[in-house]
Amino acid sequence: MKYLLVLVVVMVAIWIWRSNRAEERSESRRDRPRREAAAVDMVGCDVCGLHCPRQDVIVGRRGMYCCDQHRNQAEQA
Ligand SMILES: [Zn+2]
C-alpha cells in the first residue's frame, strides 16, 4: 500500500512537470510570430493603402506601391 502511494505521488509529480514544460513550449511558440511580426516593417501602398512588408513593396518614383499595376497607375496620373 505504501509503495502504491509513492508511485501515485511520483506519477503526479511527473505529470505536473510535463504539463509545465508543455506550457513553456507553447508560450515560446506563441511569442515567436509576434516578435517576427513586430520586426517586419510594413509600408502602405500610395494608391490603395494596402500594407505590405517593406521587402515586397514596389518602389516607384513617386512613392511605394503594393504592385506594378498601382505604380503604373500613380505614375501615369
Ligand atoms: Zn495598391
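Criteria and cut-off values
Residues numbered from 1 in each chain as written. Predicted model: local features only at pLDDT ≥ 70, side-chain atom pairs only at ≥ 80, totals over all residues. Helix = DSSP H or I, 4+ residues; strand = E, 2+ residues; numbered from the N terminus. Buried ≥ 20, exposed ≤ 12 C-beta atoms within 10 Å, placed from the backbone. pLDDT = per-residue confidence, 0-100. Contact = placed C-beta atoms within 7 Å.

### Some details on the overall build of the protein
For step 1, the next point in the chain: A tally of regular secondary structure across the protein gives two helices and four strands.
For step 2, the next point in the chain: Starting at the N terminus, the α and β elements of the protein follow one another as α-β-β-β-β-α.
For step 3, the next point in the chain: Every one of the 77 residues in the protein was classed for burial, and the buried ones make up 5%.

### What to know about the confidence of the model for the protein
For step 1, the next point in the chain: Per-residue confidence for the protein averages 86 on the pLDDT scale, and 86% of its residues sit at or above 70.
For step 2, the next point in the chain: Per-element confidence in the protein is highest for strand S4 (residues 64–65), whose mean pLDDT is 95, and lowest for helix H1 (residues 2–39), whose mean pLDDT is 80.

### Examining the environment of Tyr65
For step 1, the next point in the chain: Following the sequence through the fold, Tyr65 ends up in strand S4.
For step 2, the next point in the chain: For Tyr65, a count of 25 C-beta atoms within 10 Å translates into the label buried.
For step 3, the next point in the chain: Sequence separation between Tyr65 and Gly44 is 21 residues; the distance between their C-alpha atoms is 7.2 Å.
For step 4, the next point in the chain: If near-sequence neighbours (up to four positions away) are discounted, Tyr65 is found in contact with Cys45, Asp46, Val47, Val57, Ile58, Gly60, His70, Arg71 and Ala74.

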